[in-house]
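Chain by chain, the residues run as shown.
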Amino acid sequence: AKELGRDNFQFYTEELHARINERLAMETGLRRALEHDEFELHYQPRVDLSSGKVTAVEALIRWNHPELGQIEPLRFVPLAEELGLIHRIGEWVLHESCRQQAAWQKAGVADLPVSINISGIQFVQKDFIKLLSRVLRETPLDPSRLELEITESLSMQDPENSIRVLRELKALGVRVAIDDFGTGYSNLHFMKQFPVDIIKLDRSFVQDIVRNPEDLAISNAVISMAHSLHLKVTAEGVESVAQLALLADHGCDEMQGYYFSPPLPMEQCTALLRESRTL
Ligand code: C2E
Ligand code: CA
Ligand code: CA
Ligand code: CA
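The structure contained in this document is the topic of the report that follows. (Residues numbered from 1 in each chain as written. Chains lettered and ligands numbered in written order. Predicted model: local features only at pLDDT ≥ 70, side-chain atom pairs only at ≥ 80, totals over all residues. Heavy atoms only, no water.)

1. Section: the overall build of the chain
Check the secondary structure of the chain and you find 12 helices and nine strands. In terms of C-alpha radius of gyration, the chain reaches 21 Å, essentially the compact-globule figure of 19 Å for 279 residues. For the chain, the spread of C-alpha atoms along the principal axes amounts to about 65 × 50 × 40 Å. Counting across all 279 residues of the chain, residues that qualify as buried make up 47%. Side chains of the chain carry 29 positive and 42 negative charges; the gap between the two charge centres is 5 Å. (Helix = DSSP H or I, 4+ residues; strand = E, 2+ residues; numbered from the N terminus. Rg over C-alpha atoms; globule rule 2.2 N^0.38 Å. Buried < 20%, exposed > 50% of the residue type's maximum accessible area, 1.4 Å probe, protein only. Lys, Arg positive; Asp, Glu negative; His and termini not counted. Charge placed at Lys NZ, Arg CZ, Asp CG, Glu CD.)

2. Description of the packing of aromatic side chains
This structure, assessed with the given rule, holds five aromatic pairs. Note on Tyr43 and Trp104: the rings are 5.0 Å apart at their centroids and 70° apart in plane angle, and the pair reads as edge-to-face. Taken as a pair, Tyr43 in strand E1 (residues 39-48) and Trp104 in helix H3 (residues 86-106) lie far apart in primary sequence, 61 residues in all. Classification of Tyr43 by relative accessible area gives buried; the value is 1%. (Phe/Tyr/Trp six-rings, centres within 6.5 Å; stacked < 30°, edge-to-face > 60°.)

3. Some remarks on the coordination of the calcium ion (ligand 3)
For the calcium ion (ligand 3), the full set of protein donor atoms is Asp179 (OD), Asp180 (OD), Glu236 (OE) and Glu236 (OE), and the range of their distances to it is 1.8 to 2.9 Å. Written as a sequence motif, the donor residues of the calcium ion (ligand 3) are D-D-x55-E. Separation of the calcium ion (ligand 3) from the calcium ion (ligand 2) amounts to 3.9 Å, with Asp179 serving as a shared donor to the pair. Relative accessible area serves as the criterion here: at 6%, Asp179 is assigned to the buried category. Look at Asp180 and you get partly exposed, because its relative accessible area is 25%. (Donors = N, O, S within 2.8 Å, 3.2 Å for Na, K, Ca; no water.)

4. Brief notes about helix H2 (residues 73-82)
Of the positions making up H2, those classed as buried are Pro73, Phe76, Leu79 and Ala80. Across the axial projection of H2, the buried residues extend over an arc of 155°, all falling on one side. Among the exposed residues of H2, those oriented more than 90 degrees off its buried face are Leu74 and Glu82. Directly after H2, the chain includes Gly84, whose backbone phi takes a positive value near 75°. (Arc of directions from axis to C-beta.)

5. Brief notes about the pairing of strand E8 (residues 232-235)
One ladder, built from four bridges, connects strand E7 (residues 198-201) with E8; its direction is parallel. When the bridges of E8 are listed, Leu201 appears paired with Ala235. When E8 meets strand E9 (residues 254-255), the two strands line up parallel, connected through two bridges. From the neighbouring strand, Thr234 faces E9, where its bridge partner is Glu254. Running through helix H11 (residues 241-249), the crossover from E8 to the neighbouring parallel element E9 is right-handed. (Pairing = 2+ DSSP bridges. Right-handed = clockwise from strand over helix to strand, strands pointing away.)

6. Section: the nonpolar core
Across soluble globular proteins, nonpolar side chains have a tendency to be buried as a group. With 79 residues, the main nonpolar core has Leu146, Leu148 and Leu169 as its most contacted residues. Residue contributions to this core peak at seven residues, all from H3. Apart from the residues within four sequence positions on either side, Leu148 is in contact with Ile116, Ile118, Phe128, Leu132, Leu169, Val174, Arg175, Val176 and Ala177. (Core = buried A, V, L, I, M, F, W, Y, C linked by side-chain atoms within 4.5 Å. Contact = heavy atoms within 4.5 Å.)

7. Concerning the coordination of the calcium ion (ligand 2)
Bound to the calcium ion (ligand 2) on the protein side are Glu58 (OE), Asn117 (OD1), Glu149 (OE) and Asp179 (OD), at distances that span 2.1 to 2.3 Å. Spacing between the donor residues of the calcium ion (ligand 2) along the chain follows E-x58-N-x31-E-x29-D. For Asn117, a relative accessible area of 31% translates into the label partly exposed.

8. Regarding unusual backbone geometry
Within the chain, Asp37 stands out as a residue other than glycine whose phi angle is a positive 60°. Mapping Asp37 onto the fold places it in the loop between helix H1 (2-33) and E1. In this structure, His230 is a non-glycine residue whose phi angle is positive, near 60°. As for its placement among the helices and strands, His230 is situated in the loop between helix H10 (213-228) and E8.

See below:
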């Protein structure tokens, strides 16, 4: 038993060391990633359910790590937030997506809003509005072609402050979407005062919508509430025609998901946009 204990302990410390080393490697890597231009945006189209037309594209960050290959955002965004690097990464995402939108427009490919994910840490930062207005001034971009996705849980943390920031965003002319809706205990009293354009119904409800009556009921409630506030609803994570049909039946406005297209590298998304003839 003594032997086993020691082995276990050794195993445990080895694993711990491995984890600490991985974290350190990620941290060092993240600090260099911006200078070495290792980030890339993929784009996932959003589709109008009645016309079948692409209405917007969401920019989703990827990290092309020189040794580890492509890393998904959930594996590095939280660390970047912890290390305070998310500000610069977020600024890069903002610049890059504005630049891409303008390029698509200039090339006659599409003139659609690009939506970007805003970290809670960016959103509550004092200079966020300043940064945004500067980027909008520097890019030849109609502000209505930029959409910011703010998570529901974030916007409800300090609703009074969120309302204030959202009003400033509206004044700049950008669009706002509430992301992951249904997971963050919205306060309906505040929802009413949120100057937003779109609600994104969280993928967790869409996933089992065909089999689970409760998920269908929640989705319905979200759609009705959004419509009574004159907001559009985008369903996230639509993977099947059955999900699509149910959502369309219940008045959902738009969808995003593998059923139509996964997030695509820039060239592939450009090709898809050309084919869809959105102009
Ligand atoms: P999100 O904003 O909820 O983005 C949707 C996620 O669902 C994306 O994962 C997308 O690839 C995935 N997805 C889309 N359609 C389907 C589907 O039909 N089925 C399934 N199973 N998944 C689908 P991704 O790209 O790994 O991003 C994960 C999260 O990372 C995002 O969730 C967002 O919160 C965050 N994120 C991504 N890009 C950025 C960024 O530039 N900045 C910040 N702050 N966060 C980002
Ligand atoms: Ca999002
Ligand atoms: Ca989402
Ligand atoms: Ca999510």
